[in-house]
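Given next are the chains, with one letter for each unit.
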Amino acid sequence: MAHSATTLTPSPETAAGKLPPLQPQAPWKAYQRLLFRIAFIFFIAISIPNTPEWYTQLIALNWLHLNYRDLYDIARFGSGINFFGNTIFGSSLLGYANWIITALVATAGGLLWTLVAYIRKSPRQEYTTLYYWLRVVVRYRAGIGIIGFGFTKLLPVQMPYPSLGLLNTNFGDFTAQKIYWLSIGIVPWYQVFAGVVEVTAGTLLFFRKTTTLGAILLFAALGDIVYVNFAYDGGVHVYSSYFVLLAAFLLIADVPNIVRLLIQERFTSPVHFYPTLSRAANIGRISLKSFTIFLFLFVLFYLQLINFLYDPYKQPAVAGVKELRGNYNVTEFRINGTLLPYNPLDTIRWQEATFEDWSTFTFRVNKPHKLDLSNGGGDPQRDVNRTFEITGVAGGQRAFHYYADEINHTLYLEDKYKDIPDRRNKTAGVGGDGGTDFNLGTGLPARDTIADNSQHDNWIPAAARKNIGDESLKIDPRALTARRARDYAATPKKEKRKRFVVSYQTADGNKIILSGKDEDKNDIYVVLERADRHYALTTPGLMAGKY
């Protein structure tokens, strides 16, 4: 494209005649045009969603009753060319195979594009305008993505403060990933700082004149997160690398200026290219930009505030029975009428128990169980599927979500662990914040092969269900959204979980007697006595949820 259709913005010194006038840009070299063609195909491919679920969910959004997760899902999609699968020679290359495949396809496309241009004897000497719009696409992709990421830290819900069950877990029973996440969770104001950095980076990317600052901030912040995910096996190394890649692309053009200014200490006057737009096109550009900023800064912040207050991202939202909350010692444990005295090596007897502020009951036994190695992503709406309390935790720690019939003093408990986990972050496929292959469901048996557990779907009698009420409505009305209603309505009917039912007796919560049948249909009788445990950690004032 000829330079006559462009606008070169000179520095004030140049405009004032203190410096030589700007010279027209030289034509691009052949290899530069080839690299641009490859880069154009590659970055467009990794900037648009590659899963049908993303488009389906976008169309189905109820914009009048938005959930934070709705807009977050728009911002964290998977991308890249995956028509040929997501592995190379059978390997996912730690999740980066998708990038390699996309790069190979882009290279082939770039070569073909070059061949066509050569055959047609195209007079084009540069792609300045197309480069400008490619940067726009990358800027906005990176901007909305990192803002969605950042808001879960700005109002800290991504790495929650440890629950009682987690505080009582031996340090050596945590995976490396869990230790890192809890380390951030105990200092929420640090998490807020990280959120400020990410949201600021995303905001700067929305504006052409602050793109360089935003890209530097994004590159530095997410570069650290990439390393953290590798070091702690965090599971989102690909998605964090994604933002580093986008930031690096945005910075490439600035590298000569940065070197000239900071290393050579020479006067530097950046030259920016802006295409000349018609009045209608300019109005469209400003309108679209304003809508994006309004949606992903203001609306998303409001939704995240509601999320933080009433429906924490990874933490269960429904309040637990008030009189039961706290730490308990197991002072008596009987199974099928047999008293089991305290023995830390016993594989059946409960060792200690907790009732969280929310509807989770935990206890520990000296028996290993399967580990959930995800990071407890916050996609699920049902509390039983919010698994941050059990992810990366060994040592015999069990966690059950309970439904309380407070009239008949009965608890209906469901194991939070299940062999076939729900897919985390449904709209984020490979290349997005979808977690590990295990969480994406690859390599796992199809759900229709799971044993029919439908006989247990009516495990809570109708009378008890009436007393328990509708769990989907048991949060502040301001947090009731179309997504929450939809997810509860779509509850799996053949879900295979360990379940048990106990009645509870207590006068004031200091002593609780549980009796009923455990998950293996054994009669159990358990006496719990409140334990005042004092932690070295100070409970922060910035806590998510209202219970």
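Structure: see above.
An account of the accompanying structure is given in this report. (Residues numbered from 1 in each chain as written. Predicted model: local features only at pLDDT ≥ 70, side-chain atom pairs only at ≥ 80, totals over all residues. Heavy atoms only, no water.)

Now for the overall build of the chain. On a plain count of helices and strands, the chain comes out with 16 helices and 11 strands. Going through the 547 residues of the chain one by one, you find that 50% of them count as buried. (Helix = DSSP H or I, 4+ residues; strand = E, 2+ residues; numbered from the N terminus. Buried < 20%, exposed > 50% of the residue type's maximum accessible area, 1.4 Å probe, protein only.)

Mapped onto the secondary structure, D383 falls in the loop between β6 (360-364) and β7 (397-405). Owing to a relative accessible area of 0%, D383 belongs among the buried residues under this scheme. Spatially, the C-alpha atom of D383 lies 8.8 Å from that of T360, the residues being 23 residues apart in sequence. With sequence-adjacent residues up to four places away left out, D383 is seen in contact with P316, A317, V318, S359, H401, K416, E471 and Y488. A polar contact of 3.0 Å, which involves the side chain of D383, links it to the backbone nitrogen of A317. (Contact = heavy atoms within 4.5 Å. Polar contact = N/O pair within 3.5 Å; in protein donor to acceptor, adjacent residues only side chain to side chain.)

Once that is clear, we can look at the pattern of salt bridges. A complete count under the given rule lists 18 salt bridges for this structure. Among the ionic pairs, E198 bridges to K153, the shortest N-O distance being 3.2 Å. Remark: K153 occurs in helix α6 (residues 128-154) and E198 occurs in helix α9 (residues 188-205); sequence separation between them is 45 residues. One salt bridge connects D476 with R478, and the closest N-O pair in it is separated by 2.9 Å. Connected via shared salt-bridge partners are D70, D73, R76, D379 and R483. (Salt bridge = Lys/Arg side-chain N within 4 Å of Asp/Glu carboxyl O.)

Its boundaries defined by the atoms lining it, the second largest pocket holds a volume of some 950 Å³. Lining the second largest pocket we find 36 residues, and of these R398, D415, K498, E519 and D520 sit closest to its centre. Contributing elements (two or more residues each) for the lining of the second largest pocket: β3 (326-335), β7 and β9 (499-506). Classifying every residue of the lining of the second largest pocket gives 14 nonpolar, six polar and 16 charged. (1 Å grid on protein atoms, 1.4 Å probe; cavity = no way out; pocket = protein on both sides within 12 Å on 5 of 7 lines; lining within 4 Å. Points joined across faces, edges and corners; volume = space filled by probe spheres on them. Nonpolar A, V, L, I, M, F, W, Y, C, P; charged D, E, K, R; others polar.)

The next point concerns the environment of S269. Among the structural elements, S269 can be located in the loop between α12 (255-263) and β2 (272-275). In the structure, S269 is positioned 12 residues away from N257 in sequence and 7.9 Å away in space, judged by C-alpha atoms.

Side chains of L112, L115, V116, Y118 and I119 sit close together on the surface and give an oily, nonpolar patch of about 550 Å² of accessible area. Within the secondary structure, L115 sits in helix α5 (residues 97-119). (Patch = residues over 30% accessible without salt bridge, like charges linked within 9 Å, V, L, I, M, F, W, Y side chains within 5 Å. Areas by Shrake-Rupley, 256 points an atom, 1.4 Å probe, with all protein chains shown as cover.)

As defined by bridge partners, β3 adjoins strand β11 (residues 523-530) across seven bridges and the pair is classed as antiparallel. The partner of Y328 across the bridge, within β11, is R530. In this structure, strand β10 (residues 511-517) lies alongside β11, joined through seven bridges in antiparallel fashion. By the bridge assignment for β11, I512 is matched with L528. (Pairing = 2+ DSSP bridges.)

Here the focus is the nonpolar core. Grouped together as the largest cluster of nonpolar side chains are 69 residues, with contacts concentrated most on F43, L71, L218, L222, Y242 and F243. If you tally residues by element for this core, the top one is α6, at 12 residues. With residues up to four places along the chain from it excluded, the contact list for L222 reads I146, F149, E198, S240, F243 and V244. Judged by nonpolar contacts, the second largest core, of 26 residues, contains L324, F355, F361 and Y504. (Core = buried A, V, L, I, M, F, W, Y, C linked by side-chain atoms within 4.5 Å.)

So, on to the packing of aromatic side chains. Across all of its chains, the model carries 41 aromatic pairs by this definition. For the pair F36 and F40, a centre-to-centre distance of 5.8 Å together with 40° between the ring planes defines the contact as tilted. Taken together, the residues span about one helical turn, with F36 and F40 both in helix α2 (residues 30-45) at a distance of four residues. By the burial criterion, F36 is buried, and F40 matches it. Their ring planes at 85° and their centres at 4.9 Å tell us that W54 and Y55 sit as a pair that is edge-to-face. (Phe/Tyr/Trp six-rings, centres within 6.5 Å; stacked < 30°, edge-to-face > 60°.)

Going through the model one piece at a time under the given rule, you end up with three cavities of 30 Å³ or more. Each pocket or cavity is described by its volume, and for the second largest cavity that value is around 70 Å³. Along its surface, the second largest cavity is lined by P160, Y161, P162, S163, L166, K314, Q315, P316, W358, F388 and E389. Of the residues contributing to the lining of the second largest cavity, the split by class is seven nonpolar, two polar and two charged.

Here we come to the pairing of β9. Inspection of the sheet shows strand β8 (residues 410-415) paired to β9 by five bridges, in the antiparallel sense. The partner of L411 across the bridge, within β9, is V502. In this sheet, β10 lies alongside β9 in antiparallel orientation, the contact comprising six bridges. Looking across to β10, one finds that V501 is bridged to K517.

Our next topic: the packing of α6 against helix α10 (residues 211-232). Taken N-terminus to C-terminus, the directions of α6 and α10 make an angle of 50°; their axes are 12 Å apart at the nearest point. Classified by the angle between their axes, α6 and α10 sit oblique to one another. Crossing hand, α6 versus α10: left-handed. Contacts from R135, R139, A142, I146 and F149 of α6 reach α10 at T211, L218 and L222. For the contact of α6 with α10, a count of residues per class yields five nonpolar, one polar and two charged. (Axes fitted to C-alpha atoms, helices over the stretch in contact; angles between N-to-C directions. Parallel < 35°, antiparallel > 145°, perpendicular 65-115°, else oblique. Left-handed = near helix turned anticlockwise from the far one by under 90°.)

Right, let's get into helix α11 (residues 237-252). Taking 1.5 Å as the rise per residue, α11 with 16 residues should run 22 Å; its terminal C-alpha atoms sit 22 Å apart, in good agreement. For α11, a buried count of 13 out of 16 residues is recorded, marking the element as mostly surrounded by other parts of the structure. (Expected span 1.5 Å × (residues − 1).)

Purely geometric numbers; function is a separate question.
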